[in-house]
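# Structure assessment
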Amino acid sequence: MPEGTEDTLKRGFESRREHFLLRREATGARPIEEIYSELDLSLLMPRKVPAYGARAAKTTLSPISIDRRDPEPRDVEIQILYCGICHSDVHKVRNDWGNTHFPLVPGHEMVGRVASHGSQVTSFHEGDLVGVGCIVDSCRACPECRAGREMFCHEGVTFSFDSFDKGRKTWTAGGFSTSVVVDDRYVLRIPSGLDPAQAAPLMCAGITTYSPLRQFGCKPGNEVAVVGLGGLGHLAVKLAASMGANVTVLSTSRAKEGDARRLGAKGFVATKEPGALDAEAERFDLIVDTVSGPHDLDRQANLLRSFGTMVLVGLPPAGAPVDVSGLIHGNKRVAGSNIGGIPETQEMLDYCGKNGVMADVEVIRADQINAAFQRMEQGDVHYRFVIDASTFRA
Ligand code: NAP
Ligand code: ZN
Ligand code: ZN
């Protein structure tokens, strides 16, 4: 038995036993068969839920059954309605970053309804529309957690999938499933007016692009370039345009030009056309790079004005060199940005609710996930695949 499994089983058993005893207390000394017939049998069974995952490296995803813990006093149990597919899910399944633990259930852009909650949860109620993103636990006490930057927790953040949950000594399983159980500190409220399927991608792609626009300044009249028009890129365009910036999309071909303009871009550059980037030299205050594959960062840095910033959020499998002298001439900055903490994620959701910012989605069934992964690897995404969670079957 893997280390920690016994503890997890014991905890699950204890809460099921408690449920049984409470029912017996409430019903008095009646025949055991009669009491048993009134029990919520789902609480007496291990919580197995249908999911989709990869059993080993270099395999496709297929139906898999996973355990969800019984809700603890501070937990919210969520029936997932939709889960977006982020390119980080693709990188993880392909083991692009060399750190994946299999079997793996990806998914970190969840939107669903509260199905139940523990006795100490007061801010969420059954039926509430909520979201869960990348972060499901952290120490809550270190300076980063106290500042609402839980992704940098000094004790190590617990991500919603493929992350070791130190308290429970298990690996987390993500949102490619029908339900999830999460501590209420890490559950976000989805504002009314946002469509649940179109809000799901906000839980990662939304916060990952909103945060650098806020950190590095995106003001009316700023020239902002967005590199790569995929899930992150299209939300970066919508968000930057909603903040009043003049947005230009840098895409590998002309195929997405019409879409870029519809999403709010004023300019469009097909980066593979000869001389295309030279024409844009020293033009941008801010470049948001969302590219998932290898590309030339030096050529992009040339597009910055003096004191401009190129912020990298895309995480290709391998890094790329940047010429230092090119940065020094013009005091240009290269920065990185990692998702965003829980308070900023709620701020982003509220901003999107007020400004009507949502993802353009292609809703798919679970059995279309492998095809969606392939299309994302070919850049063929318009602009986020979102899985209808009712199509997961054991
Ligand atoms: P996506 O939907 O697949 O879009 C990526 C886009 O990048 C493609 O559609 C394509 O756009 C462009 N692209 C891909 N390969 C390219 C190459 N070799 N050269 C130039 N352009 C290329 O991916 P996503 O979900 O937006 O994620 C993008 C990246 O961000 C991934 O690496 C992901 O892991 C990372 N990420 C980081 C964070 C963070 O916290 N920093 C959070 C989430 C995701 P065009 O068709 O327009 O060329
Ligand atoms: Zn993501
Ligand atoms: Zn912490």
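A few points on the structure. (Residues numbered from 1 in each chain as written. Chains lettered and ligands numbered in written order. Predicted model: local features only at pLDDT ≥ 70, side-chain atom pairs only at ≥ 80, totals over all residues. Heavy atoms only, no water.)

### So, the overall build of the chain
When you go through the chain residue by residue, the secondary structure sums to 13 helices and 19 strands. Long-range contacts, defined here as pairs at least 24 residues apart, represent 66% of the contacts in the chain between residues at least 6 apart. Roughly 17600 Å² of accessible area belongs to the chain as shown, and the carbon and sulfur atoms make up 53% of that amount. (Helix = DSSP H or I, 4+ residues; strand = E, 2+ residues; numbered from the N terminus. Contact = heavy atoms within 4.5 Å. Areas by Shrake-Rupley, 256 points an atom, 1.4 Å probe, with all protein chains shown as cover.)

### Here we look at the site of ligand 1
Residues in close proximity to ligand 1 total 31 residues, the closest being His87, Ser251, Thr252, Lys256 and Arg384. Note that a nitrogen atom of ligand 1 is positioned 3.0 Å from one of the backbone N or O atoms of Pro294. The separation between an oxygen atom of ligand 1 and a polar side-chain atom of Arg384 is 2.6 Å. Coverage of ligand 1 by the protein amounts to 90% of the 930 Å² it exposes when considered alone. Secondary-structure elements contributing two or more residues to the shell around ligand 1 are helix H4 (87-93) and helix H8 (231-242). Per-element tally for the shell around ligand 1: the top contributor is H4, with three residues. (Near = heavy atom within 4 Å. Polar contact = N/O pair within 3.5 Å; in protein donor to acceptor, adjacent residues only side chain to side chain.)

### Things to note about the coordination of the zinc ion (ligand 3)
Each donor-metal-donor angle in an ideal tetrahedron of four donors is 109.5 degrees, and each such angle in an ideal octahedron of six donors is either 90 or 180 degrees. Distances from the zinc ion (ligand 3) to its protein donors, Cys139 (SG), Cys142 (SG), Cys145 (SG) and Cys153 (SG), fall within 2.3 to 2.4 Å. What the four donor atoms of the zinc ion (ligand 3) show is an angle range of 102 to 120° at the metal, which sorts the shape as tetrahedral. Counting the intervening residues between successive donors of the zinc ion (ligand 3) yields the motif C-x2-C-x2-C-x7-C. Within this pair, whereas Cys139 is found in the loop between strand S6 (135-137) and helix H5 (143-146), its partner Cys153 is found in the loop between H5 and strand S7 (158-159), the two being separated by 14 residues in sequence. The class of Cys153 is buried, set by a relative accessible area of 7%. (Donors = N, O, S within 2.8 Å, 3.2 Å for Na, K, Ca; no water. Tetrahedral: all angles 85-135°; square planar, octahedral: opposite > 155°, others 65-115°. Buried < 20%, exposed > 50% of the residue type's maximum accessible area, 1.4 Å probe, protein only.)

### Remarks on the coordination of the zinc ion (ligand 2)
Within the protein, the atoms that donate to the zinc ion (ligand 2) are Cys86 (SG), His108 (NE2) and Cys204 (SG), at distances of 2.0 to 2.3 Å. Here the donor residues of the zinc ion (ligand 2) are spaced in sequence according to C-x21-H-x95-C. Here Cys204 lies in the loop between helix H6 (196-199) and helix H7 (205-216) and His108 lies in the loop between H4 and strand S4 (110-117), a separation of 96 residues in the sequence. The class for His108 is buried, based on a relative accessible area of 2%. Judged by relative accessible area, which is 5%, Cys204 ranks as buried.

### With respect to H8
The terminal C-alpha atoms of H8, which comprises 12 residues, lie 17 Å apart, in line with the 16 Å expected from a rise of 1.5 Å per residue. Within H8, 10 of the 12 residues are buried, which leaves the element mostly enclosed by the surrounding structure. Along H8, the residues classified as buried are Gly231, Leu232, Gly233, His234, Leu235, Ala236, Val237, Lys238, Leu239 and Ala240. Looking one or two residues past H8, Gly244 carries a phi angle of roughly 95°, positive in sign. (Expected span 1.5 Å × (residues − 1).)

### Focus on the sheet that holds strand S15 (residues 284-289)
One open sheet accounts for six strands, arranged S14-S13-S12-S15-S16-S17; its pairing is parallel. What marks the edges here is a single partner per strand, and that holds for strand S14 (267-270) and strand S17 (333-336). Between one strand and the next, the sheet's axes are offset by a mean angle of 20°, whatever the strand orientation. (Pairing = 2+ DSSP bridges. Axes fitted to C-alpha atoms, helices over the stretch in contact; angles between N-to-C directions.)

### What about the packing of aromatic side chains?
Applying the stated criterion across every chain yields a total of three aromatic pairs. Judged by centre distance (6.1 Å) and plane angle (50°), the rings of Tyr52 and Phe392 are tilted. On the criterion of sequence distance, the pair formed by Tyr52 in strand S1 (residues 48-53) and Phe392 in the segment after strand S19 (384-388) is long-range, its members being 340 residues apart. The burial state of Tyr52 is the same as that of Phe392; both residues are buried. Arg214 extends its terminal NZ or CZ atom over the ring of Tyr351, reaching a point 5.3 Å from the ring centre. (Phe/Tyr/Trp six-rings, centres within 6.5 Å; stacked < 30°, edge-to-face > 60°. Lys NZ or Arg CZ within 6 Å of the ring centre and 35° of its normal.)

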